[in-house]
Amino acid sequence: MGLTRLGVLGWPVAHSRSPAMHNAALRAVGLGDWRYQLLPVPAELFGETLVALPGAGFVGANVTIPHKEAALAAADEATPTARAVGAANTLTFADGTIAADNTDVPGLLAALGNLRPRTALVLGAGGSARAAAYALARAGADVAVWNRTRARARALAADLDVRVADAPVPAEVLVNCTSVGLADPSSTFKDLPLTADGLGEYACVVDLVYRTGGTLLVQEARRRGSRTIDGLEILVRQGALSFEAWTGRTAPLDVMRAAARDDEPDPPDDPRTSPPAPGRPGGDRGRGGGA
Ligand code: NAP
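From a predicted model like this one, the values you see are computed outputs, not experimental measurements.

(A) How the structure looks around the nonpolar core. Of all hydrophobic cores here, the largest spans 91 residues; its most connected members are A88, V122, A132, A133 and V145. Two domains each provide a minimum of three residues to this core, namely domain 1 (4-102 + 235-260) and domain 2 (106-229). Setting aside its immediate chain neighbours within four residues, V145 contacts V122, A125, A129, A133, A153, L156, A157, V162, R163, V164 and A165.

Structure (structure tokens):
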């Protein structure tokens, strides 16, 4: 019998920690004949790849840059959360239909634990900022959004009924949803409207960006006594919710955390049963980002 397949559709996606994280989780819950793989697919091939996946043994997929909006549009059905955010990060294939969800929203809230902030500052206005602003507003926070391109912040604010911040405002939680700090840590306090010393004013600092050794934003916030949540914890939390939706099993969070943090190697794929995919796992593990 063939493998039951999962994967992550993105472009680029070689940096993703999701295969390591999900394959470790599948092994831990005894689903030895399931595999999760990279699916590097450029935007122009997204639609045709998506419809071919169920026939190739796929029961679900995560979706990351730049496909999250296209994934929602291509789905036959979608959760209210995915519709409200305008993007999907989790697709489930069953009975000839594609169902879309957005686990970035509950994933962020799960990462916050008991913290339900009254105020939040979200940096960015892309897909992850929309998910974060929606999650925090739904959880009761007064949300302000800052973005380099002001018009995008205004559009997000209008769609999700949150505020635009022209400059950083005090808040209980700061969430970096820009890609700043991913490729070049030294750009962090140049490209974001923040100073390292100012970070201590935020009780909790969340950085969606992740890279080996941690981001400068998280390091400086921790040094100033803020609680910090890094991008790998966000990755684990959204991934755990996708995993549970696909498998019906409780996600082994500690296993997923260890694997996402590179403590566990990927298993080799079975070359006899691997479907053709334009690329293989590996690549740059030094830096990361979305799923
Ligand atoms: P996106 O839709 O492409 O949005 C990128 C955002 O970054 C925009 O707001 C953009 O501002 C801003 N930005 C880019 N370069 C900038 C610069 N030099 N200075 C100031 N702002 C800049 O991306 P996304 O999907 O929201 O993802 C954002 C980041 O979060 C990425 O690094 C992604 O990998 C990461 N992420 C992590 C997870 C996780 O699980 N940990 C999940 C999702 C995303 P403009 O509008 O002005 O261009």
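(B) Structural context of the domain arrangement of the chain. If you check the domain split of the chain, you get domain 1 (4-102 + 235-260) and domain 2 (106-229). Taking the mean C-alpha position of each, domain 1 and domain 2 sit 25 Å from one another. Facing 10 residues of domain 1, the contacting portion of domain 2 comprises 9 residues. Going through the elements one at a time, α4 (80-85) and α10 (231-247) are the ones with two or more residues in the side of domain 1 that touches domain 2. When residues of the side of domain 1 that touches domain 2 are assigned to their parent elements, the largest contribution, 4 residues, is made by α10. Residue classes in the side of domain 1 that touches domain 2 are distributed as 5 nonpolar, 3 polar and 2 charged.

(C) Here's a closer look at the pairing of strand β5 (residues 90-94). Where strand β3 (residues 58-63) and β5 come together, 3 bridges link them in antiparallel fashion. Bridge assignment links N62 to a residue of β5, and that residue is T90. Relative to strand β6 (residues 97-101), β5 runs antiparallel, the two being bridged by 5 bridges. Bridged to T92 within β6 is A99. Counting the residues between successive antiparallel strands, the hairpin from β5 to β6 contains 2 residues, one of them, D95, with a positive phi of roughly 55°.

(D) Molecular detail of unusual backbone geometry. Residue P12 is bonded to the preceding W11 through a cis peptide linkage, with omega at 5°. Residue placement: P12 occurs in the loop between β1 (4-10) and α1 (18-28). Here the amide bond leading from I65 into P66 is cis, since omega sits at 0°, within 30 degrees of zero. Within the secondary structure layout, P66 lies in the loop between β3 and α3 (68-74). Phi angles above zero are rare outside glycine, and D95 is one such case at about 55°. Here D95 shows up in the loop between β5 and β6. Residue class for D95 comes out exposed when judged on the 7 C-beta atoms lying within 10 Å of it.

(E) Local environment of the sheet that holds strand β11 (residues 204-207). Here 6 strands make up an open sheet; going across it, the order is β9-β8-β7-β10-β11-β12 and the pairing parallel. Of all strands in the sheet, those with a lone pairing partner are β9 (163-164) and β12 (227-229), marking the two edges. Where β11 meets β12, 3 bridges bridge the pair, whose relative direction is parallel. Its bridge partner being in β12, C204 is matched across the sheet by R227. Here helix α9 (residues 216-223) sits on the sheet and contacts β10 (173-176), β11 and β12; the angle it forms with β11, its principal contact strand, is near 165°.

(F) Structural view of helix α11 (residues 253-260). Those residues of α11 lying buried are M256, A259 and A260. Along the long axis of α11, the arc covered by the buried residues comes to 95°, so they all point the same way. Looking at the buried side of α11, the elements it contacts are α1 and α10. Phi turns positive, to about 75°, at D262, one or two residues after α11.

(G) The arrangement of the environment of G10 in detail. Position of G10 relative to the elements: it lies in strand β1. The class for G10 is buried, based on 27 C-beta atoms found within 10 Å. The spacing of G10 and H67 is 57 residues in sequence and 6.6 Å in space, taken between C-alpha atoms.

(H) Region of interest: the sheet that holds β3. Read from one edge of the open sheet, 6 strands run β2-β1-β3-β5-β6-β4, paired in mixed fashion. Both edges of this open sheet fall to β2 (34-40) and β4 (77-78), since each of them pairs with a single strand only. As judged from the 7 bridges shared by β1 and β2, these two strands associate in the parallel manner. Bridging across to β2, G7 finds its partner in Q37. α10 contacts β1, β3, β5 and β6 of the sheet and is inclined by roughly 5° relative to β5.

Procedures and definitions
- Residues numbered from 1 in each chain as written.
- Predicted model: local features only at pLDDT ≥ 70, side-chain atom pairs only at ≥ 80, totals over all residues.
- Core = buried A, V, L, I, M, F, W, Y, C linked by C-beta atoms within 7 Å.
- Buried ≥ 20, exposed ≤ 12 C-beta atoms within 10 Å, placed from the backbone.
- Domains from an automatic or database assignment.
- Contact = placed C-beta atoms within 7 Å.
- Helix = DSSP H or I, 4+ residues; strand = E, 2+ residues; numbered from the N terminus.
- Nonpolar A, V, L, I, M, F, W, Y, C, P; charged D, E, K, R; others polar.
- Pairing = 2+ DSSP bridges.
- Axes fitted to C-alpha atoms, helices over the stretch in contact; angles between N-to-C directions.
- Arc of directions from axis to C-beta.

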